[in-house]
Amino acid sequence: GAEEPGMEAEAQELPLGCGGEGGSPAAGRSPEGEGRRDPPQASVSNGGDAESGKELVELKVIWNKNKYDVKFCLDSTGAELKQKIHSLTGLSGLPPPRPAPPRAAAWRSPNRYSCLLGLPPAMQKVMFKGLLPEEKTLREIKVTNGAKIMVVGSTINDVLAVNTPKEAAQQEVKAEENKKEPLCRQKQHRKVLDKGKPDDVMPSVKGVQERLPTVPLSGMYNKSGGKVRLTFKLEQDQLWIGTKERTEKLPMGSIKNVVSEPIEGHEDYHMMAFQLGPTEASYYWVYWVPTQYVDAIKDTVLGKWQYF
């Protein structure tokens, strides 16, 4: 009887393969049925018979814009599901989702390299209502039919592909930088900022947040480089944007958003935009707003200080 526990352990591992054929009808007749001492009819392929310990659940595994339909044992653990995902995403499952770069082409044919193409368990983040616990079974974490399992991670192959050709890596870095490029470096804003700080701009006070001044905020530029002043008419709930030519009187409630960003090299001043319509195209830009008023302007315009 000493071998009993070993036999049991082996039987426990077996469900890993269940549905490994992608849910083909043959799945029920696969070899693991023979290793069990259950009567043959217990290896049910329609997932109905919980007694057999082989109840299948249909999952949608989503990785890298690829969707895999998988039938998997409810009593398998998260760790076993990760193994399954590894084979799905490698050669033994569907073809690798993205064509490998030429340098990696040599790895595609020999099967022993499929581990490079699949997504190894250690590199997988598997999400089902949060991070999937490796030690629990799918049944314990209440995975049901049709559940979506999200997988995040890069294959070793992807990592190598990015790290080998220098340009690819550099392009990615560039793309990242563009996304984070400060507004003040963008061309439309440079035009105005390159004129330098206006002589009559209001002094700024770093590290202090002040209430709005009772006088108009003046000495700032708008995006055509003209002088602009902002007057906050609190009793009328209006923002007046005044230029030499005219004064726009805007109800505070009509301003959808206020964005601001410090001006590079002059962090004690901000460039600020008031969104006057539904899209970003309607931003009204004002440059050289003294930093101590930025929060008060946002709060006043967006209505956070109605109660003082």
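Cut-offs used in this document
Residue numbers run consecutively from 1 along every chain, following the written order of its sequence. Restriction of local features to residues with pLDDT of at least 70 applies here, the model being predicted, together with a cutoff of 80 or more for giving and counting side-chain atom pairs; totals for whole chains, interfaces and linings are based on all residues. Based on all heavy atoms of the structure, the side-chain values leave hydrogens and waters out of the count. Where helices and strands are cited, they refer to DSSP runs of H or I of at least four residues and of E of at least two residues respectively, numbered from the N terminus. Between two residues, a contact is recorded if the distance between any of their heavy atoms is within 4.5 Å. With a 1.4 Å probe rolled over the protein chains alone, any residue whose accessible area is under 20% of its type maximum counts as buried; one over 50% counts as exposed, and the rest are partly exposed. Confidence per residue, as judged by the predictor, is encoded in pLDDT with a range of 0 to 100. Only strands that DSSP links by at least two bridges are regarded as paired with each other. Helices are assigned an expected span. That span is 1.5 Å times one less than the residue count. Any Lys or Arg side-chain nitrogen found within 4 Å of a carboxyl oxygen on Asp or Glu counts as a salt bridge.

Draft legend 1. View of the environment of Thr-144. Looking at where Thr-144 falls in the secondary structure, it is placed in the loop between strand 3 (125-127) and strand 4 (147-152). Along the sequence, Thr-144 and Leu-74 sit 70 residues apart, while their C-alpha atoms lie 8.7 Å from each other. If we ignore the near neighbours within four places in the chain, the residues touching Thr-144 are Val-57 and Glu-58.

Draft legend 2. Layout of unusual backbone geometry. One non-glycine residue with positive phi stands out, namely Asp-237, at about 55°. With respect to the helices, strands and loops of the structure, Asp-237 is situated in the loop between strand 6 (227-233) and strand 7 (238-242). Looking at Asp-237, the relative accessible area reads 43%, which means it is partly exposed. A positive phi angle, close to 70°, is found at Trp-288, a residue other than glycine. On the basis of relative accessibility, which here comes to 2%, the residue Trp-288 falls in the buried class.

Draft legend 3. Structural view of the confidence of the model for the chain. Averaged over all residues, the pLDDT of the chain is 74; the fraction at 70 or higher stands at 63%. Mean pLDDT across the elements of the chain bottoms out in helix 1 (residues 4-13) (46) and peaks in strand 11 (residues 283-290) (94). Overall, residues 19-36 carries pLDDT values under 50, and its contacts beyond four positions in sequence, including any with other chains, amount to 16 contacts. Throughout residues 92-96 the model reports pLDDT below 50, and contacts reaching past four residues in sequence, or to other chains, amount to nine contacts.

Draft legend 4. A look at the pairing of strand 4. On strand 4, burial follows the alternation: Ala-147, Ile-149 and Val-151 on one face are buried, whereas Lys-148, Met-150 and Val-152 on the facing-out side are not. Pairing geometry for strand 1 (residues 56-63) and strand 4, over five bridges, is parallel. Considered in strand 4, the bridge of Ile-62 is made with Met-150.

Draft legend 5. Inspection of helix 3 (residues 78-89) at higher detail. In this model helix 3 runs 16 Å from its N-terminal to its C-terminal C-alpha over 12 residues, within 8% of the 16 Å that 1.5 Å per residue would give. Within helix 3 the residues assigned to the buried category are Gly-78, Glu-80, Leu-81, Lys-82, Lys-84, Ile-85, His-86, Leu-88 and Thr-89.

Draft legend 6. Geometry of the pattern of salt bridges. Enumeration over the complete set of coordinates arrives at eight salt bridges. Residues Asp-69 and Lys-60 are paired through a salt bridge, measuring 3.1 Å at the closest nitrogen-oxygen approach. For Lys-60, a relative accessible area of 35% gives the class partly exposed. A salt bridge links Arg-246 to Glu-248, with the nearest nitrogen and oxygen atoms 3.2 Å apart. You can call Arg-246 exposed: its relative accessible area is 53%. One network of salt bridges, in which partners are shared, links Glu-55, Asp-75 and Arg-139.

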